[in-house]
Amino acid sequence: VMSVRDLMKGISMASANDATVALAERISGTEQAFVDAMNEKAASLGLQDTHFMNSTGLDEDNHYSSAYDLAIIAQALMKHEEIFQFSSVYEDYLRQDTETPFWLVNTNKLVRTYPGADGLKTGHTDNALYCMAVTAKRDHMRLLAVVLGEENSKIRNSETAALLDYGFQSYTVQLIKQKGEVVGEVVLEKGNKDKVSLVTTSDIGILLKKGEQVDQVQTELKLSEIKLPVTPGDIVAALIVTQQDGTKTEYPLTVQEEVEAISFWKLYLRTLGDLLMG
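Rules used throughout
- Residues numbered from 1 in each chain as written.
- Predicted model: local features only at pLDDT ≥ 70, side-chain atom pairs only at ≥ 80, totals over all residues.
- Heavy atoms only, no water.
- Helix = DSSP H or I, 4+ residues; strand = E, 2+ residues; numbered from the N terminus.
- Areas by Shrake-Rupley, 256 points an atom, 1.4 Å probe, with all protein chains shown as cover.
- Lys, Arg positive; Asp, Glu negative; His and termini not counted.
- Charge placed at Lys NZ, Arg CZ, Asp CG, Glu CD.
- Expected span 1.5 Å × (residues − 1).
- Buried < 20%, exposed > 50% of the residue type's maximum accessible area, 1.4 Å probe, protein only.
- Arc of directions from axis to C-beta.
- Contact = heavy atoms within 4.5 Å.
- Salt bridge = Lys/Arg side-chain N within 4 Å of Asp/Glu carboxyl O.
- Polar contact = N/O pair within 3.5 Å; in protein donor to acceptor, adjacent residues only side chain to side chain.
- 1 Å grid on protein atoms, 1.4 Å probe; cavity = no way out; pocket = protein on both sides within 12 Å on 5 of 7 lines; lining within 4 Å.
- Points joined across faces, edges and corners; volume = space filled by probe spheres on them.
- Nonpolar A, V, L, I, M, F, W, Y, C, P; charged D, E, K, R; others polar.

**Brief notes about the overall build of the chain**
Part 1 of the reasoning: A count of helical and extended segments in the chain gives eight helices and twelve strands.
Part 2 of the reasoning: Overall size of the chain, expressed as C-alpha extent along the three principal axes, is 75 × 55 × 40 Å.
Part 3 of the reasoning: Carbon and sulfur atoms form 51% of the exposed surface of the chain, whose accessible area is close to 17000 Å².
Part 4 of the reasoning: Charged side chains in the chain number 26 positive and 40 negative. The centres of these two groups are separated by 5 Å.

**A short note on helix α3 (residues 31–44)**
Part 1 of the reasoning: Under the 1.5 Å per step criterion, the end-to-end length of α3 is 20 Å for 14 residues, consistent within 8% with the ideal 20 Å.
Part 2 of the reasoning: Where α3 is concerned, the buried positions are Val-35, Met-38, Asn-39 and Ala-42. For α3, the angular spread of buried residues about the axis comes to 95 degrees, placing them on one side. Facing away from the buried side of α3, by more than 90 degrees, are the exposed residues Glu-40, Ala-43 and Ser-44.

**Here we look at helix α4 (residues 67–78)**
Part 1 of the reasoning: Compared with an ideal rise of 1.5 Å per residue, which puts twelve residues at 16 Å, α4 spans 16 Å between its outermost C-alpha atoms and is within 8% of the ideal.
Part 2 of the reasoning: Along α4, the positions that sit buried rather than exposed are Asp-69, Ala-71, Ile-72, Ala-74, Ala-76 and Met-78.
Part 3 of the reasoning: Buried-residue contacts for α4 involve α5 (84–87), β3 (117–125), β4 (129–138) and β5 (141–150).

**Overview of the pattern of salt bridges**
Part 1 of the reasoning: Per the stated rule, a full pass over the model turns up seven salt bridges.
Part 2 of the reasoning: One salt bridge connects Glu-185 with Lys-195, and the closest N-O pair in it is separated by 3.5 Å. Of the two residues, Glu-185 is situated in strand β7 (residues 182–187) and Lys-195 in strand β8 (residues 195–200); the sequence distance between them amounts to ten residues.
Part 3 of the reasoning: Among the residues examined, Lys-195 registers a relative accessible area of 46% and is labelled partly exposed.
Part 4 of the reasoning: Sharing partners across several salt bridges, the network here consists of Asp-6, Lys-9 and Asp-92.

**Looking at the side chain of Thr-122**
Part 1 of the reasoning: By secondary structure assignment, the location of Thr-122 is in strand β3.
Part 2 of the reasoning: Exposure remark for Thr-122: the relative accessible area of 9% places this residue in the buried category.
Part 3 of the reasoning: Within the structure, Thr-122 has its side chain in polar contact with the side chain of Thr-107 (distance 2.5 Å).

**Comments concerning the layout of surface pockets**
Part 1 of the reasoning: Put simply, the second largest pocket is a space of about 1500 Å³.
Part 2 of the reasoning: Lining the second largest pocket are 39 residues, with Gln-75, Met-78, Arg-142, Ser-202 and Asp-203 positioned closest to its centre.
Part 3 of the reasoning: When contributions to the lining of the second largest pocket are tallied by element, the ones reaching two or more residues are α4, β5, α7 (153–170), β6 (171–177), β9 (204–209) and β12 (248–255).
Part 4 of the reasoning: Ranked by residue count, the leading element in the lining of the second largest pocket is β5, at six residues.
Part 5 of the reasoning: A class-by-class count of the residues in the lining of the second largest pocket yields 21 nonpolar, ten polar and eight charged.

Next comes the structure, spelled out in C-alpha cells:
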C-alpha cells in the first residue's frame, strides 16, 4: 500500500512505470480505461499528432506524440500548480517515515543546475531515445522547452538549456496584474454578501522582445453566470487584455472570498428592507 503522494513522487521524479499503472487503475478501474481517457483529453486539447496506447510512455505500436503536442500537454499540466511540489524536487524519499525509506533522485538534473528550473519531465525508450520537457521561471516569465530524440542525456540537457537560454536572453514579460490582485467586483443579489471582489488567478503580463515597451493596454471584464455558492478558485469571470496591435487575451478570474446562497426568507427580508430604505 502506497500513498498517492508517494506514487506521484515516483512518477514525477523517477519515471516509475509501476506507479503510473497503479494510479491509472485507481482512477479509471483499468489501465486501458485510463488510456482511453488520455486520448479523449488529447482530443479536447486539439492535438493532431498524439495517440496513446499505454499510461507509461513505453514503446508500443501506434503510441506517439510530437514536441508541439507535448508542449500543449505540459501547458495543461502546469495549470495544476501542485505538480511543482514533485517536479521541482531534486531528491526525496518514499516511505520516509518507515524503517525502509527509499531514496529518489530526480532524472531531470536541470532542476538542480539551471536557474529557475522547476520541472517538468524526462523520458527515455529505445525508440524515442532521450527526451525532455523542461520549464523554468524567472522574473514573472515562465518558459517551456521540449527536446526529443537525443543520443544521450548529456546532449538532451544541454540542448534544452540552450533553448531556455535563448528565450530568457531574447524576451521579457511586463507584468500588468499580479496573482490575487483585485480587478473589479460583482453584485450578488442572492448571496450572503451583497458583492464580492474579483481577483486574478495568476500573474498577467505582456510578452515583449528585450528592449520593447508596452504602449497601450486596455482591460475589460467579462462576467459569467454565477451560480452560488462560490469559493476562491471557482472561475466566475475573465479579464480581457487588448494590446495596441489588437491582440486580445482572456485571463480567468475568481472570487476573493466564499459566498453562500441565502434562503428565500432572508432574500425576502433583504428586498423588503431595500424597498423601505428607498
